[in-house]
Amino acid sequence: MLLHRSTIALQRLATSPPTIARSRICRECLNTLSRTTTPPSPPPPPPSSKRCFSSTFFAANGVALGPAVATGGTWRRPQHYFLANSFLVKRGRSSAVDVVGVTGEDGMVPPHRRRRKAKAAAAATGDNAVIPPDASSLLSSSSEASTSALRRDALAYLSLTKPRLTALIVLTTMASYALFPVDPLLSSPAAPTLSALTLLYLTAGTALASSSANALNMAYEPKFDAQMSRTKNRPLVRGLLSTRQAVTFAGITGTIGVAALHMGVNPTVAALGALNIILYAGVYTPMKRLSVANTWVGALVGGIPPLMGWAAASGATALDGTFVELLGHPGGWLLASLLFAWQFPHFNSLSWTIREEYRSAGYQMAAWKYPAMNARVALRYSLLFFPICFGLWWVGVTDVGFLVDSSVVNAWLVREAWRFYRKGGEGGRARRLFWASVWHLPLVLVFAMAHKARLWQGVWDKVMGNGQEEDEELWEEDEGEKELVTEETAKEALVAKV
């Protein structure tokens, strides 16, 4: 019996790490050890690369774990707790989600830190792939997915117009029309100088002229658009429309648009609309493959719509309607220079994000040919907004409050342009300058219209009743003069009868 117990004790010592050498153990301890009934400890499980999130997180927080988690399986937990951490996948409409093991070296990193780390990595690598696709590409995708033939063709033709660009051109034209300073002596509530019908013709004609120019642009370069991610889904690239259909559409919209501007506004505005079509489709589009100077030509195209709106508004009070008379006021040229300068921080930051695509497609852009000049030009024209906005106040287009509002927005744009100039577009600087330019233009135009010269003075006079007595006196004087004229006419008629 003693020999049997000794054998059992020695086996247990062999299976567990001994703390005392077996040759020095006494017989009583050996007997005590043989009488114990505690089973030996199982060996530790082999290390695994998969770590269950619940086994580390919930155990430390006192949450009861199911048997599946203990074995490295799947545990169910209500989804409203986990979806905020953005690392779980919703399964159908179930009220629970599967907690899966987080693998890799970031397995123990909280979700918000993983997101922060991903953003930092994207910024470090210059990941600027957040520039949205153009509206033409989105409409082409919708057109191809449509089941209705009429809707499919309508969306395809609408995508030819580049709706976002056309909307921007129309808005700048309308803003310039609204900012025209009308002389109070020439305007009255009974006979307003700025006509809503003229504005309607101006808006429709400008939109059609812009659509014509954009359609011709797409008809010229479908094989080049196919090589770029932003334009590869345009209608001619995807085969939704043919080149003949695009040219026909451009001819119809251009003819109707210029005719509407000529008949509903004035010949000067119609000539500016036709000139813009020629410059954009005939000069800027082919020049993109020849010289980096195409950016300046494109900026010139963007500066013409404010001149169209200004000429349309001044035509209501013009005597001869000549080009010099309609565009003799410096306010129209300042608004045109505002749009001209805005093109450079906007387009230079956009082109930097896709400079390699421009290079592979053969477009001559400063973003990849002269990157230092590209950033320098963006900063230079961003600084130009300060004197332009000062000039709008100086010539009487806006009041002094516009200087304060516009300076804040201009300083924001200059700050982003300075960062773009100092360190290039790396680290998301090009993306920030692009979005700053997107918000900059509408804010400046809205501030200009809100601070139009004599706008708030007229509102104040109307609220306080200032000027009503003078108007009544003038009306009484007019009535008195009419009565005198009537009496004199009656006397002359009576004398003639006698």
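Not measured: the values here are computed from a predicted model.

## As for the overall build of the protein chain
Next, step 1: In terms of regular secondary structure, the protein chain is built from 24 helices and two strands.
Next, step 2: Of the contacts formed within the protein chain by residues at least 6 apart in sequence, a portion of 71% connects residues at least 24 apart.

## Examining the pattern of salt bridges
Next, step 1: Scanning all chains against the criterion turns up six salt bridges.
Next, step 2: When the shortest N-O distance is used, the salt bridge between Arg234 and Asp225 registers 3.4 Å. Accessibility classification places Arg234 together with Asp225 in one group, the buried group.
Next, step 3: With a shortest N-O distance of 3.3 Å, Arg359 and Glu356 are connected by a salt bridge. Here Glu356 and Arg359 lie together in helix α17 (residues 355-361), a separation of three residues that amounts to about one turn.
Next, step 4: Glu356 gets classed as partly exposed once you look at its relative accessible area, which sits at 44%.
Next, step 5: Taken together, the salt bridges that share partners define one network made up of Arg415, Glu416, Arg419 and Arg432.

## Brief notes about the packing of aromatic side chains
In this description, an aromatic ring pair is defined by two values, namely the gap between the centres and the angle between the planes.
Next, step 1: Evaluated as defined, the whole model comprises 15 aromatic pairs.
Next, step 2: When the centroid spacing of 5.7 Å and the interplanar angle of 45 degrees are considered together, the rings of Trp418 and Tyr421 count as tilted. In this pair, Trp418 and Tyr421 both sit in helix α21 (residues 401-423), three residues apart, roughly one turn of the helix.
Next, step 3: You can call Trp418 partly exposed: its relative accessible area is 42%.
Next, step 4: Overall, the relative accessible area of 35% leaves Tyr421 in the partly exposed class.
Next, step 5: These aromatic residues form a ring-pair network of at least three members: Phe224, Phe347, Tyr358 and Tyr363.
Next, step 6: When the ring centre of Phe224 is taken as reference, the NZ or CZ atom of Arg289 above it lies at 3.6 Å.

## Side note on unusual backbone geometry
Next, step 1: Residues other than glycine seldom take positive phi values, yet Lys162 does so here, at roughly 50 degrees.
Next, step 2: Tracing the sequence through the fold places Lys162 in the loop between α8 (149-160) and α9 (163-179).

## Quick notes on the side chain of Asn294
Next, step 1: By the element assignment, Asn294 lies in helix α14 (residues 294-314).
Next, step 2: Owing to a relative accessible area of 0%, Asn294 belongs among the buried residues under this scheme.
Next, step 3: There is a polar contact of 2.5 Å between the side chain of Asn294 and the backbone oxygen of Ser291.
Next, step 4: Setting aside chain neighbours within four positions, we find Asn294 in contact with Tyr284, Met287, Lys288, Gln364 and Met365.

## Quick look at the nonpolar core
Next, step 1: In terms of nonpolar packing, the biggest core is built from 61 residues, with Leu202, Leu261, Val269 and Phe420 touching the most fellow members.
Next, step 2: Ranked by the residues each element gives to this core, the list is headed by α14, at 10 residues.
Next, step 3: Ignoring sequence-local partners within four residues, the contact set of Leu261 consists of Tyr201, Leu202, Gly205, Thr206, Asn266, Val269, Ala270, Gly273 and Met308.

## A closer look at the side chain of Ser211
Next, step 1: Assignment of secondary structure puts Ser211 in helix α10 (residues 196-220).
Next, step 2: Reaching out from Ser211, the side chain makes a polar contact with the backbone oxygen of Ala207 at a distance of 2.7 Å.
Next, step 3: What Ser211 contacts, discounting residues up to four positions off in sequence, is Leu160, Thr161, Thr166, Phe249 and Thr253.

## A word on the packing of helix α20 (residues 385-394) against α21
Next, step 1: Across the interface, α20 lies against α21 with an axial gap of 10 Å and an inter-helix angle of 170 degrees. By the angle between their axes, α20 is roughly antiparallel relative to α21. Crossing geometry of α20 relative to α21 is assigned as right-handed. Note on element contacts: α21 touches α20 through Phe402, Leu403, Ser406, Ser407, Asn410, Ala411, Leu413 and Val414, opposite Phe385, Phe386, Cys389, Phe390, Leu392 and Trp393.
Next, step 2: When grouped by side-chain class, the residues that make up the contact of α20 with α21 number 11 nonpolar, three polar and no charged.

## Examining a nonpolar patch on the surface
Next, step 1: On the surface, a nonpolar cluster with roughly 390 Å² of combined accessible area is contributed by Trp412, Trp435, Val438 and Trp439.
Next, step 2: Top element by residues in the nonpolar patch is helix α22 (residues 429-450). It accounts for three residues.
Next, step 3: Tracing the backbone shows Val438 in helix α22.

## Section: the environment of Leu275
Next, step 1: Counting through the fold element by element, Leu275 comes out in helix α13 (residues 267-287).
Next, step 2: For the pair Leu275 and Ile304, spaced 29 residues apart in sequence, the C-alpha to C-alpha distance is 8.8 Å.

## Structural notes on the confidence of the model for the protein chain
Next, step 1: In this model, the protein chain carries an average pLDDT of 76, and 63% of its residues clear a pLDDT of 70 or more.
Next, step 2: Between the elements of the protein chain, mean pLDDT differs from a low of 40, seen in strand β2 (residues 96-99), to a high of 94, seen in α20.
Next, step 3: Below pLDDT 50 for its whole length, residues 185-192 participates in five contacts with residues either more than four positions away or in separate chains.

## Focus: the environment of Gly264
Next, step 1: By the secondary structure assignment, Gly264 is in helix α12 (residues 243-264).
Next, step 2: As a C-alpha pair, Gly264 and Leu202 span 62 residues in sequence and 7.4 Å in three-dimensional space.
Next, step 3: In contact with Gly264, not counting residues within four places along its chain, are Thr198 and Tyr201.

Cut-offs applied
Residues numbered from 1 in each chain as written. Predicted model: local features only at pLDDT ≥ 70, side-chain atom pairs only at ≥ 80, totals over all residues. Heavy atoms only, no water. Helix = DSSP H or I, 4+ residues; strand = E, 2+ residues; numbered from the N terminus. Contact = heavy atoms within 4.5 Å. Salt bridge = Lys/Arg side-chain N within 4 Å of Asp/Glu carboxyl O. Buried < 20%, exposed > 50% of the residue type's maximum accessible area, 1.4 Å probe, protein only. Phe/Tyr/Trp six-rings, centres within 6.5 Å; stacked < 30°, edge-to-face > 60°. Lys NZ or Arg CZ within 6 Å of the ring centre and 35° of its normal. Polar contact = N/O pair within 3.5 Å; in protein donor to acceptor, adjacent residues only side chain to side chain. Core = buried A, V, L, I, M, F, W, Y, C linked by side-chain atoms within 4.5 Å. Axes fitted to C-alpha atoms, helices over the stretch in contact; angles between N-to-C directions. Parallel < 35°, antiparallel > 145°, perpendicular 65-115°, else oblique. Left-handed = near helix turned anticlockwise from the far one by under 90°. Nonpolar A, V, L, I, M, F, W, Y, C, P; charged D, E, K, R; others polar. Patch = residues over 30% accessible without salt bridge, like charges linked within 9 Å, V, L, I, M, F, W, Y side chains within 5 Å. Areas by Shrake-Rupley, 256 points an atom, 1.4 Å probe, with all protein chains shown as cover. pLDDT = per-residue confidence, 0-100.

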